[in-house]
Amino acid sequence: MSVGIHPILLGIDRCYIIQAEGIIMIDGGAPKKGKAFLSAIEALSIKPEDIRLMVLTHGHWDHIGSAKEIQDLTRAKLVMHQKEKDCLEKSLKPLPPGVTLWGSIFVNIMRVFTPFIHVPATHVDIVLGDADFPLAEYGIPGKIVYTPGHSMGSVTVLLETGDVFVGDLAMRAFPLRLSPGLPVLAEDMQQVGESWKLLLDAGAKTVYPAHGTPFSTDIIRKALLHRGR
Ligand SMILES: [Zn+2]
Ligand SMILES: [Zn+2]
């Protein structure tokens with residue numbers, strides 16, 4: 001089965017449309033991006049109602065800000081880990097700690113802006129536990145895997161092709177990182193390493209981060225070795 005991967009930039013969040021027998025979307029972007037979403041899918045000749053599932057990799061505001069708007073437009077089911085569904089259902093805006101010098105500076109800058117950001121609340125249709133969630137029912141050859149670390153309710157979409165949509169379990173682009181690698185913000189770096197080991201053992205080959213363009217998991221392998229030293 002051929003799988004189409006279409007990135008859509010909604011604010012600083014690079015969301016993805018995955019198109020195989022069915023169509024799903026990964027992440028819901030920054031707030032107020034409904035119009036940008038509509039023009040992006042129109043350019044792909046995808047109708048809103050064609051998107052049946054929206055996987056929210058985690059509860060940070062830049063990933064769930066337009067989830068309600070897109071849910072209203074598409075009627076897609078929202079799926080999220082149980083540990084973070086309150087972010088969307090109760091409009092919470094947690095910030096993860098910095099794990100590098102720049103990460104710590106960046107979080108302090110974000111603290112100034114976060115009170116001005118509003119995440120419209122909505123209901124999460126499918127609440128994940130720690131077990132894998134197969135996507136075959138939605139026409140996608142792959143599954144959702146629980147990958148905590150950046151946040152404790154982070155999940156990854158792992159396709160049979162080895163493509164992994166990791167949310168913020170890896171980062172590449174400004175303002176977070178300039179080069180591809182591990183996150184500069186994380187609740188638990190030990191968990192980040194364990195989640196990556198799980199994904200690499202499961203055959204992850206190409207990382208599709210939420211901030212930046214795709215890169216090879218070889219870069220992650222090297223970064224993990226470097227940390228382990
Ligand atoms: Zn995040
Ligand atoms: Zn993010």
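Given the structure is predicted, the values throughout are model-derived calculations rather than measurements. (Residues numbered from 1 in each chain as written. Chains lettered and ligands numbered in written order. Predicted model: local features only at pLDDT ≥ 70, side-chain atom pairs only at ≥ 80, totals over all residues. Heavy atoms only, no water.)

Examining the overall build of the protein chain
The number of helices and strands found in the protein chain is seven helices and 12 strands. Relative to the globule expectation of 17 Å for 229 residues, the C-alpha radius of gyration of the protein chain, 16 Å, shows essentially globular dimensions. Here the C-alpha coordinates of the protein chain stretch approximately 50 × 40 × 30 Å along the principal axes. Looking at the 229 residues of the protein chain, the share that counts as buried comes to 53%. Once local pairs closer than 6 in sequence are excluded, the contacts in the protein chain between residues at least 24 apart make up 63%. Summing over all exposed atoms, the protein chain offers an accessible surface of approximately 10,200 Å²; the carbon and sulfur share of this is 56%. A distance of 5 Å separates the average location of the 23 positive side-chain charges in the protein chain from that of its 24 negative side-chain charges. (Helix = DSSP H or I, 4+ residues; strand = E, 2+ residues; numbered from the N terminus. Rg over C-alpha atoms; globule rule 2.2 N^0.38 Å. Buried < 20%, exposed > 50% of the residue type's maximum accessible area, 1.4 Å probe, protein only. Contact = heavy atoms within 4.5 Å. Areas by Shrake-Rupley, 256 points an atom, 1.4 Å probe, with all protein chains shown as cover. Lys, Arg positive; Asp, Glu negative; His and termini not counted. Charge placed at Lys NZ, Arg CZ, Asp CG, Glu CD.)

So, the environment of glycine 29
Tracing the sequence through the fold places glycine 29 in the loop between β3 (23–26) and α1 (34–43). The sequence separation of glycine 29 and aspartate 13 amounts to 16 residues, and the corresponding C-alpha distance is 5.2 Å. The contact partners of glycine 29, leaving out residues within four places of it in the chain, are Leu10, Asp13, Cys15, Trp61, Asp62, His63, Ile64, Gly65 and Ser66.

Quick word on the coordination of the zinc ion (ligand 2)
The zinc ion (ligand 2) binds to the protein through Asp62 (OD), His63 (NE2), Asp168 (OD) and His211 (NE2), with metal-donor distances spanning 2.1 to 2.3 Å. The site at the zinc ion (ligand 2) holds four donor atoms, and with the angles between them running 86 to 160°, its shape is irregular. Expressed as a motif, the donor residue spacing for the zinc ion (ligand 2) is D-H-x104-D-x42-H. The distance between the zinc ion (ligand 2) and the zinc ion (ligand 1) comes to 3.5 Å, with aspartate 168 serving as a donor to both metals. With histidine 63 in helix α2 (residues 61–64) and histidine 211 in the loop between β11 (206–209) and β12 (215–216), this pair connects stretches of sequence that are 148 residues apart. A residue is classified by how much of its surface remains accessible, and histidine 211, at 3% relative accessible area, is buried. (Donors = N, O, S within 2.8 Å, 3.2 Å for Na, K, Ca; no water. Tetrahedral: all angles 85-135°; square planar, octahedral: opposite > 155°, others 65-115°.)

Brief notes about the packing of aromatic side chains
We describe a pair of aromatic rings using the distance from one ring centre to the other and the angle between the two ring planes. Under the counting rule described, the total for this entry stands at five aromatic pairs. Ring geometry for tyrosine 16 versus phenylalanine 165: centroids 5.2 Å apart, planes at 65°, classification edge-to-face. Of the two residues, tyrosine 16 sits in strand β2 (residues 13–19) while phenylalanine 165 sits in strand β10 (residues 163–167), which places them 149 residues apart along the sequence. No difference in accessibility class separates tyrosine 16 from phenylalanine 165, as the two residues are buried. When the centroid spacing of 5.6 Å and the interplanar angle of 90° are considered together, the rings of tyrosine 16 and tyrosine 208 count as edge-to-face. One end of the pair, tyrosine 16, is in strand β2; the other, tyrosine 208, is in strand β11, with 192 residues separating them in the sequence. When its relative accessible area of 13% is taken as the criterion, tyrosine 208 is described as buried. Ring-pair connections join several aromatic residues into one group, and the members of that group are Tyr16, Phe165 and Tyr208. (Phe/Tyr/Trp six-rings, centres within 6.5 Å; stacked < 30°, edge-to-face > 60°.)

Things to note about the sheet that holds strand β1 (residues 4–10)
Ordered in space as β1-β2-β3-β4-β5-β6, the six strands form an open sheet in which the pairing is mixed. Strands with a single pairing partner mark the edges of an open sheet, and in this sheet they are β1 and β6 (126–128). On average, each strand axis in the sheet is inclined to that of its neighbour by 20°, with strand direction left out of account. Examined bridge by bridge, strand β4 (residues 51–55) and strand β5 (residues 77–81) share three bridges and lie parallel to one another. Each residue of the ladder has a partner; that of methionine 54, found in β5, is leucine 78. Here α1 sits on the sheet and contacts β1, β2, β3 and β4; the angle it forms with β1, its principal contact strand, is near 150°. (Pairing = 2+ DSSP bridges. Axes fitted to C-alpha atoms, helices over the stretch in contact; angles between N-to-C directions.)

Comments concerning the coordination of the zinc ion (ligand 1)
Each angle at a metal carrying four tetrahedral donors should ideally be 109.5 degrees, and each at a metal carrying six octahedral donors should ideally be 90 or 180 degrees. At the metal site, the zinc ion (ligand 1) is ligated by His58 (NE2), His60 (ND1), His150 (NE2) and Asp168 (OD), and these contacts range over 2.1 to 2.2 Å. Angles of 90 to 171° at the metal separate the four donor atoms of the zinc ion (ligand 1), which places the site in the irregular class. Read N to C, the donor residues that coordinate the zinc ion (ligand 1) are spaced as H-x1-H-x89-H-x17-D.

A word on the pairing of β10
Summarising burial for β10: five of the five residues are buried, a large majority. Burial along β10 is two-sided: the residues Asp163, Phe165 and Gly167 and Val164 and Val166 are all buried. Two elements, strand β9 (residues 155–159) and β10, share two bridges in a ladder whose sense is antiparallel. Across the sheet, the residue bridging to leucine 158 is valine 164, located in β10. Hairpin geometry of β9 and β10 is characterised by an intervening segment of three residues between the two adjacent antiparallel strands and by a positive phi of about 95° at glycine 162. Of the pairings in the sheet, the one linking β10 to β11 comprises four bridges and is parallel in character.

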